[in-house]
Amino acid sequence: MALAAGAFSLISATNPRRPAAVDQARLEQADADPANWMTHGRTFNEDRYSPLGAINRQNVSKLGVAWSYEMRESRGVEATPIVVDGVMYITSAWSIVHAIDATNGKELWVYDPEVPRITGTKACCDAISRGVTVWNGKVYVATLDGRLVAIDARNGRKVWEQVTLDRSKPYTITGAPRAARGLIYIGNSGSEYGVRGFVSAYDAETGKLRWRFYITPNPKGPDGAASDSVRDRALETWNTAAGEWLRSGGGGASWDALVFDKETNTLWIGTGNGGPWNRELRSPSIPGRNNDNLYLSSVLGVDPDTGAYKCHYQETPGETWDFTATQPMILTTLKIGGSDRRVLLHAPKNGFFYVIDRTNCGLISAKPFVPVSWATGVDPKSGRPIENPEARFQSAPFLVSPSGWGGHNWHPMSMSRQTGLVYIPVRDAPVHYAADPAFVHREGSYNTGTAYTAFPEGPAAREMIRKLLKGYLLAWDPVQQKEAWRVPLPGIDNGGTLATAGGLVFQGTVDGRLRAYNARTGAILWDIDNGAPAFGGPISYSVKGRQYLAVTASFGTPAYLTGAILSTKVGDMRKSRVNVYRLGGAPIPKRPVVENPTPEPPVIAASEEMLQAGSLNYSHYCLGCHGMSAVSGGATPDLRRTPYLQDGESFRAVVHGALATSGMPNFSAWLKDADVEAIRAYIAGRARDAFQEEQKRKHAPVK
Ligand SMILES: O=C(O)c1cc(C(=O)O)c2c(n1)C(=O)C(=O)c1cc(C(=O)O)[nH]c1-2
């Protein structure tokens with residue numbers, strides 16, 4: 001629903017084009033149109049390089065605030081803003097679309113698709129959206145609850161809406177759609193919850209479904225979809241007689257990367273991990289039979305008009321670690337061995353940087369960009385990883401590097417056309433994997449088939465996280481396949497990057513800083529407090545010759561929660577923002593100090609055994625949203641401070657669904673009263689730590 005009809009006369013007075021007048025020809029020439037950021041990665045090739053250079057190494061320190069726009073929601077913002085002819089289109093949490101005057105931050109309209117908040121219970125990673133796409137006067141958003149909505153760019157009114165998936169299944173959508181050749185492409189999420197991933201193409205004008213490609217084969221028969229032609233080939237790589245995949249669909253959800261390749265006329269799809277992760281539960285191996293599970297964890301090329309299969313490269317055959325290949329892809333041409341090669345650059349979760357031939361999906365090279373323990377390399381002949389046999393954790397736990405956090409996750413990487421380097425927000429985050437002998441599929445919950453261990457608590461947890469979860473900004477040479485430079489960063493949930501013709505790389509950090517680096521050396525040239533982390537991809541655009549830098553500022557997203565425990569500046573449920581900077585702008589405001597004391601927690605009689613059980617169940621059911629050691633990142637309430645903690649009955653009611661319409665899942669199917677009380681006792685312990693620490697600080701003698 002449109003919340004405010006804006007005055008577009010303001011825009012048309014300075015610009016004769018109608019809003020969001022984007023088409024194939026305009027997108028194909030985006031390189032020659034640096035003022036605009038018309039599609040997710042700026043151009044079809046998604047290298048996130050802005051040819052604007054008015055902001056450069058010499059003057060970047062003079063950046064100040066041009067404007068700051070407050071969204072209506074708190075929670076994570078992962079969107080890349082789109083800017084066309086002076087108007088910015090961006091999503092906040094719950095897939096709410098905002099159209100903003102890009103010169104001054106004035107709201108033009110807001111479209112709220114009114115996603116039922118209970119949908120949040122199916123989203124692994126906050127109620128996030130990675131943004132919109134625009135085409136021919138319309139703005140397209142894919143909603144968390146699975147709709148694709150076309151919105152009139154002039155006034156924010158809905159033109160058409162399609163439900164893109166089976167809503168009886170635990171699907172969600174968090175990715176940004178892409179537009180090309182009159183079609184809107186969209187994937188979905190939910191591999192761990194028990195879905196079968198697919199990508200669809202809709203007619204941009206009518207909303208009619210044009211084609212669909214299922215990432216995993218249908219064991220029961222053809223789907224009447226574009227993927228039918230490769231169904232038999234895919235089935236040969238699964239156990240067709242046994243395994244969780246027969247019930248759940250096997251995963252493969254393509255929740256982020258979709259790139260249209262105008263040079264080879266291909267839609268590139270980054271496919272997801274297996275559901276459940278543990279392959280031996282998903283598709284038990286049979287000696288002598290291929291168990292690669294196509295097309296999981298692959299770069300897949302299809303015909304953009306029909307969805308017909310063209311080629312694929314599977315990065316992690318027999319995926320078992322949550323190694324999605326959904327990470328953003330860059331299309332470029334590199335001189336390799338003396339000849340120009342059209343390549344796709346990819347740094348997926350599994351830790352290898354891949355250079356893939358866009359004409360045939362052949363592997364050109366692959367090298368680790370982060371410590372990798374699950375494989376020793378990639379065989380250049382077969383293109384297959386050389387696996388460490390113990391890494392599949394079937395007989396004993398194994399410390400897997402990188403882990404499901406990803407050596408690199410969805411945070412967009414960028415590539416400078418000046419330096420030829422790729423700037424990757426890297427995560428060095430190993431995790432112990434163990435098979436779960438007691439696995440049972442839990443409908444509507446997170447299913448991995450791996451055993452969880454309880455995290456250590458308090459200072460021990462902080463120490464462990466500090467040691468184990470490290471992040472850095474990596475400048476990577478894709479031709480030499482080697483590091484050019486790196487800058488260590490706090491925590492692992494640092495933001496996406498932008499490279500510019502000003503010789504700069506911009507990136508937000510998990511502790512809310514926003515930085516500009518010298519793209520050649522990594523020297524930090526500008527470093528300010530953005531008020532909150534800029535998770536998504538920063539962008540640059542210009543209006544009337546003035547260059548702007550736009551980032552978001554929000555608390556939320558899953559890995560941020562690990563950052564929260566390291567930081568004293570935890571999130572505080574403040575509204576999310578879009579912050580735009582320009583040369584000579586206003587001074588950077590000081591972040592308000594938020595007093596949020598922990599109330600004295602209840603005393604709950606609990607044995608050591610009960611606390612252990614509470615900790616384990618907390619890790620299993622609560623941590624993903626409410627944070628490690630019960631320290632919230634700010635997207636969801638900090639449980640140490642919730643009034644419900646004070647009283648067992650109210651706490652139980654919440655765990656059993658009293659707040660389901662606000663997005664708090666109903667856990668009554670899995671957590672009995674005694675389990676809930678043990679979780680409460682565990683959280684009360686964490687609350688007491690915080691309370692006592694605060695009291696000590698409060699009563700410490702003033703020096
Ligand atoms: O398998 C899936 O369907 C799926 C979906 C999503 C998502 O939609 O955000 C993430 C993941 N997996 C995932 O593995 C992951 O690490 C991840 C991080 C984030 C995020 O927003 O920070 N989303 C997701």
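Refer to the structure presented above.
First, a word on what this report is: a plain description of the structure on this page. Note that this is a predicted model, so its numbers are computed, not measured.

## Let's talk about the overall build of the chain
Right, so step 1: When helices and strands are counted, the chain shows ten helices and 37 strands.
Right, so step 2: For 703 residues, the compact-globule formula gives about 27 Å, and the C-alpha radius of gyration of the chain, at 24 Å, lands near that figure.
Right, so step 3: Its C-alpha atoms put the chain at 70 × 70 × 50 Å along the principal axes.
Right, so step 4: For the chain, the proportion of its 703 residues judged to be buried stands at 63%.
Right, so step 5: Pairs at least 24 residues apart make up 64% of the contacts formed inside the chain by residues separated by at least 6 positions.

## Regarding the packing of helix 9 (residues 648-658) against helix 10 (residues 673-699)
Right, so step 1: Put simply, helix 9 and helix 10 touch, their axes get as near as 10 Å, and they point 110° apart. Here helix 9 lies roughly perpendicular to helix 10, going by the angle between them. As for the relative orientation of helix 9 and helix 10, their crossing is right-handed in sense. Touching Gly 648, Phe 651, Arg 652, Val 655 and His 656 of helix 9 are Asp 673, Val 676, Glu 677, Ile 679, Arg 680 and Ile 683, all from helix 10.
Right, so step 2: By residue class, the composition of the contact of helix 9 with helix 10 is five nonpolar, two polar and four charged.

## Details of the site of the ligand
Right, so step 1: What surrounds the ligand is a group of 19 residues, the closest being Glu 78, Thr 174, Ser 189, Gly 190 and Lys 349.
Right, so step 2: One of the side-chain nitrogen or oxygen atoms of Trp 410 is found 2.8 Å away from an oxygen atom of the ligand.
Right, so step 3: Expressed as a share of its isolated accessible area of 470 Å², the protein-covered part of the ligand is 95%.
Right, so step 4: The class makeup of the residues in the shell around the ligand is seven nonpolar, seven polar and five charged.

## Brief notes about unusual backbone geometry
Right, so step 1: Of the consecutive residues Leu 294 and Tyr 295, the connecting peptide bond is found in the cis state with omega at 0°.
Right, so step 2: Turning to its location among the elements, Tyr 295 is positioned in the loop between helix 5 (279-282) and strand 17 (298-302).
Right, so step 3: At the junction of Ser 401 and Pro 402, the peptide bond is cis and its omega measures out at -20° in the coordinates.
Right, so step 4: One non-glycine residue with positive phi stands out, namely Asn 136, at about 45°.

## Observations concerning the packing of aromatic side chains
The relative placement of two aromatic rings is captured by the distance of their centres and the angle of their planes.
Right, so step 1: Counted by the stated rule, this structure contains 29 aromatic pairs.
Right, so step 2: Where Phe 44 meets Phe 260, the ring centres are 4.7 Å apart and the plane angle is 65°; that geometry is what we call edge-to-face. Of this pair, Phe 44 sits in the loop between helix 2 (24-28) and strand 1 (49-50) while Phe 260 sits in strand 15 (residues 258-261); the two residues are 216 residues apart in sequence, bridging distant segments of the chain.
Right, so step 3: In this structure Phe 44 comes out as buried when scored by relative accessible area, which is 5%.
Right, so step 4: Among the aromatic side chains, those forming a connected cluster through ring pairs are Tyr 313, Trp 321, Phe 323, Phe 352, Tyr 354 and Trp 374.
Right, so step 5: Just above the ring of Trp 670 sits the side chain of Arg 442; from NZ or CZ to the centre is 6.0 Å.

## Description of the state of the cysteines
Right, so step 1: If you walk through the whole model with that rule in mind, you get two disulfides.
Right, so step 2: Between the sulfur atoms of Cys 124 and its disulfide partner Cys 125 the distance amounts to 2.2 Å. Linking Cys 124 and Cys 125, the disulfide has an S-S dihedral of approximately -100° and is accordingly described as left-handed.
Right, so step 3: Since its relative accessible area comes to 33%, Cys 124 is described here as partly exposed.
Right, so step 4: For Cys 125, a relative accessible area of 24% translates into the label partly exposed.

## So, the nonpolar core
Right, so step 1: By size, the foremost hydrophobic cluster in this structure holds 101 residues, and its most contacted members are Met 88, Tyr 89, Phe 506, Trp 526 and Tyr 541.
Right, so step 2: Those residues within four positions of Met 88 in sequence are excluded, and the remaining contacts are Trp 67, Pro 81, Ile 82, Val 83, His 98, Ala 99, Ile 100, Ala 102, Tyr 541, Ala 550, Val 578 and Val 580.

## Here's the deal with the side chain of His 411
Right, so step 1: The residue His 411 is located in the loop between strand 25 (398-400) and strand 26 (414-415) in this model.
Right, so step 2: His 411 gets classed as buried once you look at its relative accessible area, which sits at 1%.
Right, so step 3: Polar contacts involving the side chain of His 411 include one to the side chain of Asp 493, which spans 2.6 Å.

Reading the values: the criteria
- Residues numbered from 1 in each chain as written.
- Predicted model: local features only at pLDDT ≥ 70, side-chain atom pairs only at ≥ 80, totals over all residues.
- Heavy atoms only, no water.
- Helix = DSSP H or I, 4+ residues; strand = E, 2+ residues; numbered from the N terminus.
- Rg over C-alpha atoms; globule rule 2.2 N^0.38 Å.
- Buried < 20%, exposed > 50% of the residue type's maximum accessible area, 1.4 Å probe, protein only.
- Contact = heavy atoms within 4.5 Å.
- Axes fitted to C-alpha atoms, helices over the stretch in contact; angles between N-to-C directions.
- Parallel < 35°, antiparallel > 145°, perpendicular 65-115°, else oblique.
- Left-handed = near helix turned anticlockwise from the far one by under 90°.
- Nonpolar A, V, L, I, M, F, W, Y, C, P; charged D, E, K, R; others polar.
- Near = heavy atom within 4 Å.
- Polar contact = N/O pair within 3.5 Å; in protein donor to acceptor, adjacent residues only side chain to side chain.
- Areas by Shrake-Rupley, 256 points an atom, 1.4 Å probe, with all protein chains shown as cover.
- Phe/Tyr/Trp six-rings, centres within 6.5 Å; stacked < 30°, edge-to-face > 60°.
- Lys NZ or Arg CZ within 6 Å of the ring centre and 35° of its normal.
- Disulfide = S-S within 2.5 Å.
- Core = buried A, V, L, I, M, F, W, Y, C linked by side-chain atoms within 4.5 Å.

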